[in-house]
Amino acid sequence: MSNKKVSRRRFLAETSAAASAATVAGAGIPSQAAAADEIVQSDYSLRAKALVSVLTKKNLIDPAAMDQVIDYYENKVGPHIGARLVARSWVDPAFRQRLLDDAGPAAAELGIPGTLNSAFRAVANTPAVHNLVVCTLCSCYPWPLLGLPPTWYKDAGYRARAVIDPRDVLSEFGLQLEQDVEVRVWDSTAEIRYIVIPERPAGTEGMTEEALAALVTRDSMIGAERAKAPA
Amino acid sequence: MNGIHDMGGMDGFALPTRHPEAPHFHYPWERLVFGSSLVMQKPWFIDESRFGVESIPPDLYLTTPYYARWLYRNEQLAIKYGLVTAAELADPDSVAVLPKAESSSSDDVSQLLSSMVAELDSAEAEASFSVGDRVVVKNEHPVGHTRAPRYARGRTGIVQRDQGVHIFPDTNAMGLGTKPQHCYSVMFEARELWGSRANIRDHVYIDLFDDYLESAT
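Here we look at the overall build of chain A
- For chain A, the count of helices and strands is 11 helices and 4 strands.
- A total of 231 residues make up chain A; the buried ones form 52% of that total.
- Of the contacts formed within chain A by residues at least 6 apart in sequence, a portion of 65% connects residues at least 24 apart.
- Per element, the accessible surface of chain A, about 9600 Å² overall, is 56% carbon and sulfur.

If you want it as structure tokens, here you go:
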């Protein structure tokens, strides 16, 4: 049994390398690449299951707790939370000021959990200033406010380019800034987590806070796009 | 360390496509790696976790998906601290099942997470700098963990906000204590970092620890 498992893993690794080499060498027909990827994924899957299995047997992982935590981050926490903050800041100038001064306690006012035991900072877009958040070193992101980061935020292309070519990045993302707008890039290198307060779209006067929150997208709170215009 | 993870300002990478509705996990194993990373009982903290990812060889780092980097890190640290052996990982069926501990359940998910952040040894520390001070990022290249990105080293900026007292990642990641100190939001003109390529109006703000900085003269 054990020998079989080890040899399967070795088989997967070797086949994967061979398949990758074939693709790189130019034989690269899509079905080969897909087959190679399937093998790589299968290897990750075996390794992940092995580690979780051993740690669970040793009582170092509680599977029930793990399921709850996964469900929480996959399904419960997300950009709808940050959107509430933004919408409130659009309708309540005093709240907006408290949010900009210290975002954690301001978020806690709205009953948002997990905002008092670490530091959060809200930065506001204006007609003169556009903010963009990045973590060049890894993937730091305000989980309690926005949930888990999107794949693009963790990608090398974004991490490498956001600090040096923010205007090109925004333009490629579909956001054209006027030349006289100042761009501020926030590199999350420590334990302070950033959220962008996008500008309130035109034509939203008199809308309810709930309706306003529906205009606030995840990517607008990273600075990668504007809030949506009302329908 | 001057690793591949420190990629701010590198050229040649393609910009990813933004997918508004993409799932967090593309394969079931990613969900497993994520969840286990958050709940596993372990003697290391976030700084050492980050260093574990940064320590992946650069060629492997670039070709390894995000959660597979976590997996690699978890394997390496679990072995380093003796939670598991390589032989056990190769043959999980050989590991005996310990008497089951009681399962945890809580409406407050934070109660279910394993401790990610070390306790500060002290919440008090002398601030070497004040808002408005001109500071230079020391041109240091430590072989261990650091959160001073390479693109900022040797560059001059202005302290824009004192972020309070924090754990110093450089020592904490290496098991050398939390060395509590102030962290500052430092504003750099984009041209100070990138020369004429940057727009003259733009700025980059970086959170930098007291030990990274010296007064600009």
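Resuming the write-up.
Section: the interface of chain A and chain B
- On the side of chain B, 89 residues touch chain A, which itself brings 84 residues to the contact.
- Where chain A abuts chain B, roughly 7800 Å² becomes buried across the two surfaces, and 58% of that area is made up of carbon and sulfur atoms.
- At the junction of chain A with chain B, the criterion picks out 8 salt bridges.
- Here Arg31 of chain B ties to Glu74 of chain A by a salt bridge, and the two come within 2.7 Å at their closest N and O atoms.

Remarks on the packing of helix α1 (residues 28–39) of chain B against helix α4 (residues 66–80) of chain B
Residues and elements named next belong to chain B.
- Between α1 and α4, the shortest axis-to-axis distance is 9 Å and the interhelical angle comes to 50°. Considered as vectors, α1 and α4 are oriented oblique to each other. You can see that α1 and α4 cross each other, and the crossing is left-handed. Residues Trp29, Glu30, Val33, Phe34, Ser36, Ser37 and Leu38 of α1 form the contact with α4, whose own contacting residues are Tyr67, Ala68, Trp70, Leu71, Arg73 and Asn74.
- Residue classes in the contact of α1 with α4 are distributed as 8 nonpolar, 3 polar and 2 charged.

Calculation criteria
- Residues numbered from 1 in each chain as written.
- Chains lettered and ligands numbered in written order.
- Predicted model: local features only at pLDDT ≥ 70, side-chain atom pairs only at ≥ 80, totals over all residues.
- Heavy atoms only, no water.
- Helix = DSSP H or I, 4+ residues; strand = E, 2+ residues; numbered from the N terminus.
- Buried < 20%, exposed > 50% of the residue type's maximum accessible area, 1.4 Å probe, protein only.
- Contact = heavy atoms within 4.5 Å.
- Areas by Shrake-Rupley, 256 points an atom, 1.4 Å probe, with all protein chains shown as cover.
- Buried area = accessible area lost by both parts, 1.4 Å probe.
- Salt bridge = Lys/Arg side-chain N within 4 Å of Asp/Glu carboxyl O.
- Axes fitted to C-alpha atoms, helices over the stretch in contact; angles between N-to-C directions.
- Parallel < 35°, antiparallel > 145°, perpendicular 65-115°, else oblique.
- Left-handed = near helix turned anticlockwise from the far one by under 90°.
- Nonpolar A, V, L, I, M, F, W, Y, C, P; charged D, E, K, R; others polar.

Worth remembering: the numbers are spatial, not functional.
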